[in-house]
Amino acid sequence: MKQLKVFEWQMRDGRKNFGDLISKKIIEGVTNSNVVISTADEAEIVAVGSVIDGMESWFPKAKIIWGSGFLHDGSTVDNTDIKIAAVRGKLTANRLNFEGPLGDPGLLVNKYFEKSEKNLKSV
């Protein structure tokens, strides 16, 4: 099984956001790879989140974009050496001149996670 490195962002207090918490399992399911959590500068894939802005400086080894998008207007990325498998939406696709699958990988959460019967009224 191929290994694929991905970065999980976390807040200063150690908490992670929803997208980072689900990305490892979804990427493993879709790519049939062993996903390993790495540092940002070692990550090979940019997936789940608005992380394409600054990709070249934050994720210098990342050569795959899958389901990510831009956060800021006017941001660009040199995508000549990057494989784009999917992007979050039309605005990102237009900016990258990409014609292919659109959608946030978070849409696959029901496929890779079981529904909890726990009552989440306090959330």
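Everything discussed here concerns the structure shown above.
Residues numbered from 1 in each chain as written. Predicted model: local features only at pLDDT ≥ 70, side-chain atom pairs only at ≥ 80, totals over all residues. Heavy atoms only, no water.

> Provide a residue-level description of the sheet that holds strand β4 (residues 64-68), including the pertinent values.
Paired through their backbone hydrogen bonds, the strands of a sheet run either parallel or antiparallel. Taking strand neighbours across the sheet as the criterion, the three strands line up as β3-β4-β5 in an open arrangement whose pairing is parallel. Two strands bound the open sheet, and with one partner strand each, they are β3 (45-49) and β5 (83-87). Across the sheet, the mean angle separating the axes of adjacent strands is 5° when strand polarity is ignored. Taken together, the four bridges between β3 and β4 define a ladder with parallel strand orientation. Bridge pairing in β4 links Gly 49 to Ser 68. Lying over the sheet, helix α1 (residues 18-31) contacts β3 and β4, oriented at roughly 125° with respect to β3. (Pairing = 2+ DSSP bridges. Helix = DSSP H or I, 4+ residues; strand = E, 2+ residues; numbered from the N terminus. Axes fitted to C-alpha atoms, helices over the stretch in contact; angles between N-to-C directions. Contact = heavy atoms within 4.5 Å.)

> Account for the packing of aromatic side chains, naming residues and giving values.
A full pass over the atoms with the stated rule returns two aromatic pairs. Aromatic pair Phe 7 and Phe 59: ring centres 6.0 Å apart, planes at 55°, arrangement tilted. Taken together, the residues span a long stretch of sequence, with Phe 7 in strand β1 (residues 3-7) and Phe 59 in the loop between α2 (55-58) and β4 at a distance of 52 residues. On the accessibility criterion, Phe 59 (9% relative accessible area) is buried. Measuring from centroid to centroid gives 6.4 Å for Trp 58 and Phe 59, while their planes differ by 90°, and the two rings are edge-to-face. Here the aromatic cluster, defined as three or more aromatic residues joined through ring pairs, consists of Phe 7, Trp 58 and Phe 59. We note Lys 25 situated over the ring of Phe 113; from NZ or CZ to the ring centre the distance is 4.9 Å. Geometry around Phe 70 places Arg 95 over its ring, the cationic atom sitting 4.2 Å from the centre. (Phe/Tyr/Trp six-rings, centres within 6.5 Å; stacked < 30°, edge-to-face > 60°. Buried < 20%, exposed > 50% of the residue type's maximum accessible area, 1.4 Å probe, protein only. Lys NZ or Arg CZ within 6 Å of the ring centre and 35° of its normal.)

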